[in-house]
Amino acid sequence: MEPFISELYSGTLLAGVDEAGRGPLAGEVVAAAVILDPQQPIAGLADSKKLSEKKREALFDEIQAKALCYAIASASIEEIDQLNILHASMLAMSRAVAMLSPMAEHCLIDGNRLPPNLPCPAEAVVKGDARHAAISAASILAKVTRDRDIVKAADLYPEYGLEKHKGYPTAQHLEAIRQFGVTPLHRRSFAPVKKILEG
């Protein structure tokens, strides 16, 4: 896949932005924004979904140690249910960008649309997590943070197997919702959960 190079911005305060957790039935949606330090390159950055958990965890620490700055933000389960998952993802991404210090001068957003209210110019980059190092870094921070949050939540609701499927709609997860009901972690606006609630 062709690496992405912005034709609009060539400075160093370039933030990559991505989110994790659009598809699951449970948990928040998490976004990260990362400005990498050109003096401290990080080897092995790639789309977080293509990396092993062990590799993601190692890169998570390395990104936090070497990046010029980074921020991680989320949108709550209530916000997902009120706004819908797309708008909640956009909200989480704009929150992450707003928290960066130093502030980004330009943003590259993974996907095909831009969050509203960004504090700087931005470009949407389709499959950006595989095409630009800063977006890859953001995808890793977002995914590891979300996975850790959902594994912690698994202690509260052990019968749902959240640590295995991370809240995604697997057969085991759907069966557990049918058997044990909907928890405060579940996104009530998502069709499979809604269907079970409506019984």
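Here we look at the packing of aromatic side chains
Item 1. Enumeration according to the criterion identifies two aromatic pairs in this entry.
Item 2. Judged by centre distance (6.3 Å) and plane angle (85 degrees), the rings of tyrosine 157 and tyrosine 160 are edge-to-face.
Item 3. A residue is classified by how much of its surface remains accessible, and tyrosine 160, at 2% relative accessible area, is buried.
Item 4. One aromatic cluster is present, built from ring pairs that chain together Tyr157, Tyr160 and Phe180.
Item 5. Against the face of phenylalanine 60 rests arginine 148, its NZ or CZ located 4.4 Å from the ring centre.

Looking at the nonpolar core
Item 1. Leu100 and Cys107 are the most contacted members of the largest nonpolar core, which has 46 residues in total.
Item 2. No other element matches helix 3 (residues 85-98), which puts seven residues into this core.
Item 3. Leave out the neighbours within four places in its chain, and cysteine 107 touches Ala15, Val17, Val97, Cys120, Pro121, Ala122 and Glu123.
Item 4. Counting residues in each nonpolar core, the second largest holds 19 residues, with Val30, Ile42, Leu51 and Ile63 among its members.

Regarding the pairing of strand 1 (residues 14-20)
Item 1. Burial runs high along strand 1: seven of the seven residues are buried.
Item 2. Neither face of strand 1 is open: one carries Leu14, Gly16, Asp18 and Ala20, the other Ala15, Val17 and Glu19, and all of them are buried.
Item 3. The pairing of strand 1 with strand 4 (residues 106-110) spans four bridges and is classified as parallel. Looking at the pairing, alanine 15 lines up with cysteine 107 of strand 4.

Re the packing of helix 6 (residues 171-180) against helix 7 (residues 191-198)
Item 1. Remark: helix 6 packs on helix 7, axes separated minimally by 10 Å, with the N-to-C direction vectors making an angle of 25 degrees. On the basis of the axis angle, helix 6 is roughly parallel to helix 7. Viewed along their axes, helix 6 and helix 7 form a crossing whose handedness is right-handed. Within the contact between the two elements, helix 6 uses Leu174, Ile177 and Arg178 and helix 7 uses Pro192, Val193 and Ile196.
Item 2. When the residues that make up the contact of helix 6 with helix 7 are grouped by side-chain class, the tally is five nonpolar, no polar and one charged.

Calculation criteria
- Residues numbered from 1 in each chain as written.
- Predicted model: local features only at pLDDT ≥ 70, side-chain atom pairs only at ≥ 80, totals over all residues.
- Heavy atoms only, no water.
- Phe/Tyr/Trp six-rings, centres within 6.5 Å; stacked < 30°, edge-to-face > 60°.
- Buried < 20%, exposed > 50% of the residue type's maximum accessible area, 1.4 Å probe, protein only.
- Lys NZ or Arg CZ within 6 Å of the ring centre and 35° of its normal.
- Core = buried A, V, L, I, M, F, W, Y, C linked by side-chain atoms within 4.5 Å.
- Helix = DSSP H or I, 4+ residues; strand = E, 2+ residues; numbered from the N terminus.
- Contact = heavy atoms within 4.5 Å.
- Pairing = 2+ DSSP bridges.
- Axes fitted to C-alpha atoms, helices over the stretch in contact; angles between N-to-C directions.
- Parallel < 35°, antiparallel > 145°, perpendicular 65-115°, else oblique.
- Left-handed = near helix turned anticlockwise from the far one by under 90°.
- Nonpolar A, V, L, I, M, F, W, Y, C, P; charged D, E, K, R; others polar.

By themselves, these are just geometric observations and shouldn't be taken as functional.
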